[in-house]
Amino acid sequence: MRLYLLGVGPGDPELITLRALHLIQRLPVLFYPQEEGREPLALRAARPHIPPGKPLVPLPLFTGHDPQAREAARREAARTILKALSQHGEGGYLVLGDSLLYASPLNLLPYLEGIEVEAVPGISAHQLAAARVLRPIALGEGGFAAVTGLKGVDPEGLARFQSVFVYKAKDLAALRRAFPERRGFAFLRLGMEGEKVLPLEEAEGVERDYWTLVGLWQREEEGWKG
């Protein structure tokens, strides 16, 4: 039995790789994380490429603070995957962005005994974000950092990076205070309907219904685009 973790890109169906596209069309069953109150974003990105009649199996997604609830959700998801793969032999788990970057199905790997797992890379949100504002991710001897903003971001150690990308940014005002020397942009619903790209100082009061990605660039990169 084999499970493919299919990175489907940041949300735009046209940014799915050919490798992921071929597997989406070929595999006999596809899994996706079930999200409360909205159409699952990974499924939305892949849906234009899914052949009619393909079995689509939702999996519980719980990332809250209750460890028992997390454990129960992961075990239930693993049982569902095992049952489907016992019938079909192989399948794919749709992952928004890249399959190994802040990807929820990675939490299931300890529960998938006897299953071969292959990760299929996808375009990450920070790649599309940099393209939207035409700023380099890294140049020459420079580098970049990707961090999570769920519990705030400590700027210590990040000054040397040309760009810093904050996934799941919650407190935009705090990011402005933490990185006053950087030029920041907020990317809302990147690659999806209703996408907004705003200077960080203009985004703080904007209503958000999905985790926001923030990109922070060193000021010397301003020459690329004003």
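Residues numbered from 1 in each chain as written. Predicted model: local features only at pLDDT ≥ 70, side-chain atom pairs only at ≥ 80, totals over all residues. Heavy atoms only, no water.

Novice: Tell me about the overall build of the protein, and name the residues and values.
Specialist: Scanning the protein from terminus to terminus reveals 6 helices and 10 strands. Against the 2.2 N^0.38 benchmark of 17 Å for 226 residues, the protein shows a C-alpha radius of gyration of 19 Å, consistent with a compact globule. Its C-alpha atoms give the protein principal-axis dimensions of roughly 55 × 40 × 35 Å. Contacts in the protein between residues far apart in sequence, at least 24 positions, make up 69% of those at least 6 positions apart. Total accessible area computed for the protein in this model is approximately 11,600 Å², and 51% of it derives from carbon and sulfur atoms. Between the averaged position of the 27 positive side-chain charges in the protein and that of its 28 negative side-chain charges there is a distance of 3 Å. (Helix = DSSP H or I, 4+ residues; strand = E, 2+ residues; numbered from the N terminus. Rg over C-alpha atoms; globule rule 2.2 N^0.38 Å. Contact = heavy atoms within 4.5 Å. Areas by Shrake-Rupley, 256 points an atom, 1.4 Å probe, with all protein chains shown as cover. Lys, Arg positive; Asp, Glu negative; His and termini not counted. Charge placed at Lys NZ, Arg CZ, Asp CG, Glu CD.)

Novice: Give a description of the sheet that holds strand E8 (residues 182–188) that names residues and reports values.
Specialist: The strands that make up a sheet are held in pairs by hydrogen bonds between backbone atoms, and each pair lies either parallel or antiparallel. Spatial strand order, E6-E7-E10-E8-E9: 5 strands in an open sheet with mixed pairing. The open sheet has two free edges, formed respectively by strand E6 (144–148) and strand E9 (196–199), since each of these has just one partner strand. Along the sheet, successive strands turn relative to each other by an average axial angle of 20°, direction set aside. Examined bridge by bridge, E6 and strand E7 (residues 163–169) share 5 bridges and lie parallel to one another. Pairing of alanine 145 across the sheet is with valine 164, part of E7. Against the sheet, helix H4 (residues 125–133) contacts E6, E7, E8, E9 and strand E10 (212–218), and its axis sits at roughly 60° relative to E10. (Pairing = 2+ DSSP bridges. Axes fitted to C-alpha atoms, helices over the stretch in contact; angles between N-to-C directions.)

Novice: Hey, could you go over the pairing of E10 for me, with residue numbers and the actual values?
Specialist: Burial analysis of E10 places 7 of its 7 residues in the buried class, the great majority of the element. Every second residue of E10 is oriented toward a common face, with Thr212, Val214, Leu216 and Gln218 on one face and Leu213, Gly215 and Trp217 on the other, all of them buried. Pairing of E7 with E10, which is carried by 5 bridges, proceeds in the antiparallel orientation. Opposite serine 163, over in E10, you have tryptophan 217 as the bridge partner. The pairing of E8 with E10 spans 6 bridges and is antiparallel. From the neighbouring strand, arginine 183 faces E10, where its bridge partner is tryptophan 217. (Buried < 20%, exposed > 50% of the residue type's maximum accessible area, 1.4 Å probe, protein only.)

Novice: Tell me about the environment of histidine 126, and name the residues and values.
Specialist: When you line up the elements, histidine 126 lands in helix H4. The exposure class assigned to histidine 126 is buried, which follows from its relative accessible area of 8%. Note: C-alpha distance between histidine 126 and leucine 190 (64 residues apart in sequence) is 9.5 Å. Leaving out residues up to four positions away in the same chain, histidine 126 has contacts with Leu101, Ile137, Phe144, Phe165, Tyr167 and Leu213. A distance of 2.8 Å separates a polar atom in the side chain of histidine 126 from a polar atom in the side chain of tyrosine 167. (Polar contact = N/O pair within 3.5 Å; in protein donor to acceptor, adjacent residues only side chain to side chain.)

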